[in-house]
Amino acid sequence: MINLALKPTDKLIKRYFAQVSEQRQLGRMQEGAVAPAFADLLGSCAQKVGYRFSEQYPLRHKGRTLRLDGAVLTPFNLRHGVWEAKDSQDDLRAEIRKKFDAGYPDDNILFQSPDQAILIQNGREVLAARLDAERPQALVDILQAFFGYVRPAYDEWERAVAEFKDRVPEVAQALDALIEREYGRSAAYKQAFDRFLEMCRRALNPNLSKDAVEEMLIQHILTERIFRRVFSNPDFTRRNAIAREIETVVDALIGRYYDRDDFMRELDRFYGAIETTAADIRDYNEKQDFLNTVYEQFFQGFSVKTADTHGIVYTPQPIVQFMVRSVEQLLRREFGRSLADEGVHILDPFVGTGNFILRVMEEIRQAKPSALPHKYHHELHANEIMLLPYYIASMNIEHAYYEAMGEYAPFPGICLVDTFELYEGAQRTLPGFGDENVERVKAQQASPIFVVIGNP
């Protein structure tokens with residue numbers, strides 16, 4: 001449980017009441033005048049406990065976006081709690097009912113007006129306080145309860161992740177030893193691995209080492225359960241073009257000698273914590289943020305060198321949104337075109353887990369919903385050189401399309417390929433990884449790319 005360690009005499013509390021008093025003297029007690037002081041208070045409290053506070057936090061609910069006044073987020077981008085501000089003239093409990101009818105979360109939400117605050121946790125009112133400078137303890141109590149809230153799943157996640165970085169290297173070393181042993185004694189595995197190695201060299205880099213490809217296999221084995229269960233996509237390894245190729249090698253490596261789940265049993269607690277925590281997150285955008293952070297943690301445990309050299313940290317959503325909207329404005333102003341227009345091909349050359357393409361899809365859906373199917377199937381392009389983000393991006397993008405259109409369709413625009421090699425002309429032979437990835441690369445090379453957007 002988080003201990004806010006806040007006292008009525010703290011500067012944060014005194015500053016809040018001083019700001020409210022100043023607005024009261026000016027006769028400005030409406031939400032817009034007083035809410036910034038409470039937002040400042042929540043932001044300072046969040047910083048004290050290592051959390052962060054995000055204003056105007058977007059939350060998807062039944063196909064539409066709710067704009068929450070603020071949310072407190074954990075270091076893993078989990079939503080710890082929500083804040084909603086109201087006017088002093090509002091009937092706070094009536095406003096609470098309206099928000100819940102609209103789909104606002106009721107697990108840990110703090111409603112606040114200049115004179116009172118009400119805390120709802122797990123659907124019931126647990127605390128109400130008069131906000132009075134003469135009796136500041138009431139404000140302290142409600143803040144302590146708000147920040148001290150613990151979801152059982154989140155608590156288990158925090159404990160499990162503390163062990164994760166120590167355990168993953170052990171399992172990875174055991175897999176590495178198995179790979180080396182089987183390569184020397186299993187003709188079937190050696191043949192499957194050599195074929196896959198040649199594919200990787202054609203697709204990614206002709207100088208790719210055997211060790212690097214073995215690391216890709218280990219990544220796949222360690223994480224495919226996350227994709228099956230957290231993304232509720234049990235058919236992922238059959239649907240995804242690259243995963244199918246890797247599964248052929250993994251089956252030759254493990255299938256005849258070991259049960260995969262038995263081999264990975266040492267990490268059951270960590271996987272279980274991920275799955276339980278993700279199941280507790282209703283909003284898919286929040287689930288994406290959570291899994292991006294899980295991915296960062298995975299690489300910090302699995303391969304610190306990879307995390308450092310490949311920059312395994314992702315662009316914050318507000319920056320992604322700003323960049324996409326800026327490109328849309330530039331297209332309209334300079335070219336008289338839109339991201340949603342037919343013929344405007346868009347490429348993210350370093351797609352990561354798909355955040356830029358997801359935001360582009362949202363921009364297209366808002367501007368011209370009927371344009372999204374054509375754009376999705378023909379004019380959105382994305383490249384990734386690393387296996388895990390390629391997997392995550394594929395599923396994120398496909399799920400976003402499913403949510404928008406109500407039907408599943410594989411995303412044909414994503415390629416596992418080195419963009420630098422592809423467009424500098426060094427890759428004279430077309431990438432491998434089977435016919436499907438080759439055809440995707442050919443289609444991208446033949447496309448008149450009009451917009452390049454992303455974070456290199």
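Quick caveat: nothing in here was measured; it's all calculated off a predicted structure.

A.B. asks: I keep staring at the side chain of E328 and nothing clicks. Help me out?
C.D. replies: Secondary-structure assignment places E328 in helix α14 (residues 317–335). For E328, the side chain forms a polar contact with the side chain of S338, separated by 2.9 Å. Contacts of E328, omitting those with residues within four sequence positions, involve S338, L339 and E363.

A.B. asks: Would you explain the pattern of salt bridges in this entry?
C.D. replies: Note that side chains of opposite charge can pair when their charged atoms are close. Taken as a whole, this structure holds 18 salt bridges when the rule is applied. D40 is paired through a salt bridge with R15; the nearest N and O atoms lie 3.2 Å apart. A residue pair is termed long-range when its members are at least 10 positions apart, and D40 in helix α2 (residues 31–48) and R15 in helix α1 (residues 11–25) qualify at 25 residues. Note on D40: relative accessible area 33%, which makes it partly exposed. K442 is paired through a salt bridge with E439; the nearest N and O atoms lie 3.5 Å apart. With K442 and E439 both in helix α19 (residues 434–445) and three residues apart, the pair spans about one turn of that helix. Judged by its relative accessible area of 36%, K442 falls in the partly exposed class. Its relative accessible area of 46% is what places E439 among the partly exposed residues. Counted as one network, the salt bridges with shared partners bring together K86, E95 and K98.

A.B. asks: Whenever I open this one, the sheet that holds strand β8 (residues 380–384) confuses me. Can you help?
C.D. replies: Backbone hydrogen bonds are what pair the strands of a sheet, in a parallel or an antiparallel way. What the four strands build is an open sheet, ordered β9-β8-β7-β10; its pairing is parallel. At either margin of the open sheet sits one strand with a lone partner, and together these are β9 (414–416) and β10 (449–452). The sheet shows a mean angle of 25° between the axes of neighbouring strands, direction not considered. Contacting β7 (345–348) and β8, helix α16 (residues 372–379) runs over the sheet at an angle of about 40° to β8.

A.B. asks: Would you take a moment to explain the packing of α16 against helix α17 (residues 387–405) for this structure?
C.D. replies: Angle between the axes and distance between the axes: these two values describe a pair of packed helices. One way to put it is that α16 packs onto α17 with a least axis distance of 11 Å and a crossing angle of 160°. Taken together, the axes of α16 and α17 are roughly antiparallel relative to one another. Crossing hand, α16 versus α17: left-handed. Of the residues in α17, those touching α16 at L372, P373, Y376 and H377 are I397, E398, Y401, A404 and M405. Looking at the contact of α16 with α17, its residues break down into seven nonpolar, one polar and one charged.

A.B. asks: What exactly am I supposed to notice about the sheet that holds strand β5 (residues 116–121) here?
C.D. replies: Ordered by their spatial adjacency, six strands build an open sheet running β1-β2-β3-β4-β5-β6, and the pairing between neighbours is mixed. Bordering the open sheet on either side are β1 (52–61) and β6 (124–130), each of which pairs with just one other strand. The average angle at which neighbouring strand axes cross in this sheet is 30°, direction not considered. In terms of strand pairing, strand β4 (residues 108–112) meets β5 through five bridges, oriented antiparallel. Opposite Q112, over in β5, you have A117 as the bridge partner.

Cut-off values and rules
Residues numbered from 1 in each chain as written. Predicted model: local features only at pLDDT ≥ 70, side-chain atom pairs only at ≥ 80, totals over all residues. Heavy atoms only, no water. Helix = DSSP H or I, 4+ residues; strand = E, 2+ residues; numbered from the N terminus. Polar contact = N/O pair within 3.5 Å; in protein donor to acceptor, adjacent residues only side chain to side chain. Contact = heavy atoms within 4.5 Å. Salt bridge = Lys/Arg side-chain N within 4 Å of Asp/Glu carboxyl O. Buried < 20%, exposed > 50% of the residue type's maximum accessible area, 1.4 Å probe, protein only. Pairing = 2+ DSSP bridges. Axes fitted to C-alpha atoms, helices over the stretch in contact; angles between N-to-C directions. Parallel < 35°, antiparallel > 145°, perpendicular 65-115°, else oblique. Left-handed = near helix turned anticlockwise from the far one by under 90°. Nonpolar A, V, L, I, M, F, W, Y, C, P; charged D, E, K, R; others polar.

These figures come from the coordinates and say nothing about function on their own.
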